[in-house]
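Fold and geometry: a report
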Amino acid sequence: GGGAGCQTRSARSVYRGFSFPRMDLDALSGFKDPIAALDEEDADKAAAAEEQDARAKAEIVHIRVQQRNGRKCITTVQGLNQDLDLKRILKVIKKQHCCNGTVVDADAEGKNMGEVLQLQGDQRANVNKFLVDNELHPADKIKIHGHG
């Protein structure tokens, strides 16, 4: 047991005084890759195009109805502008149409879908009318899903 301990100490003392050569990283900063500059421009253009597409898709409000158990269903409103006070909108809709509801932070498959309004019952027509009448969203940018 004691011999193995002595051997590791002597091995450490050999490397204690030795310093490994270090590469000068400042020397590499002057190198410019012309292809990398093109890739960055393409990436910037692609990011701008994606952002514009996301904004165009975000402008559409989706009103869906989801069946629960038996005759029960819920209405979801997705894609409202995040600058709006969704809790106040929900409060008014609940009061006008005698239903309960909540604001849910929907994060589907890692993609942040923003906050979604959930209302009890089939409130698709009521929500559509409310958004158009109060000029919260243009009628041509509201998509009502489902039949009914």
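Higher on the page you've got the structure.
All of these numbers come straight from a predicted model, not from anything done at the bench.

**Observations concerning the pairing of strand β2 (residues 73-78)**
Of all six residues making up β2, six are buried, and the element is well covered by its neighbours. Burial along β2 is two-sided: the face carrying Cys73, Thr75 and Val77 and the face carrying Ile74, Thr76 and Gln78 are both buried. Strand direction decides the pairing type here: strand β1 (residues 61-67) and β2, joined by six bridges, are antiparallel. Across the sheet, residue histidine 62 finds its bridge partner in β2, namely glutamine 78. Hairpin remark: β1 followed by β2, antiparallel, with five residues in the connecting loop; positive phi at glycine 70, about 65 degrees.

**A few points about the nonpolar core**
Counting residues in each nonpolar core, the largest one holds 15 residues, and the members touching the most others are Val61, Ile63, Val77, Leu80, Leu117, Val127 and Leu131. For this core, the elements supplying multiple residues, two or more each, are β1, α3 (86-97), β4 (111-120) and α4 (124-133). Element by element, the count of residues in this core is highest for α3, at four residues. Look past the residues within four positions of leucine 131 in its chain and what remains in contact with it is Val61, Ile63, Leu80, Leu136, His137 and Ile142.

**Side note on the side chain of arginine 124**
When you line up the elements, arginine 124 lands in helix α4. Within polar-contact distance, the side chain of arginine 124 engages the backbone oxygen of histidine 145 at 2.9 Å.

**Regarding α4**
Along α4, the positions that sit buried rather than exposed are Arg124, Val127, Phe130 and Leu131. For α4, the angular spread of buried residues about the axis comes to 135 degrees, placing them on one side. In this structure, α4 carries Ala125 and Lys129 as exposed residues pointing more than 90 degrees from its buried face. One or two positions beyond α4, positive phi appears at glutamate 135, with a value near 55 degrees.

Each value, and the rule that gives it
Residues numbered from 1 in each chain as written. Predicted model: local features only at pLDDT ≥ 70, side-chain atom pairs only at ≥ 80, totals over all residues. Heavy atoms only, no water. Buried < 20%, exposed > 50% of the residue type's maximum accessible area, 1.4 Å probe, protein only. Helix = DSSP H or I, 4+ residues; strand = E, 2+ residues; numbered from the N terminus. Pairing = 2+ DSSP bridges. Core = buried A, V, L, I, M, F, W, Y, C linked by side-chain atoms within 4.5 Å. Contact = heavy atoms within 4.5 Å. Polar contact = N/O pair within 3.5 Å; in protein donor to acceptor, adjacent residues only side chain to side chain. Arc of directions from axis to C-beta.

Limitation: the analysis is restricted to geometry and does not speak to function.
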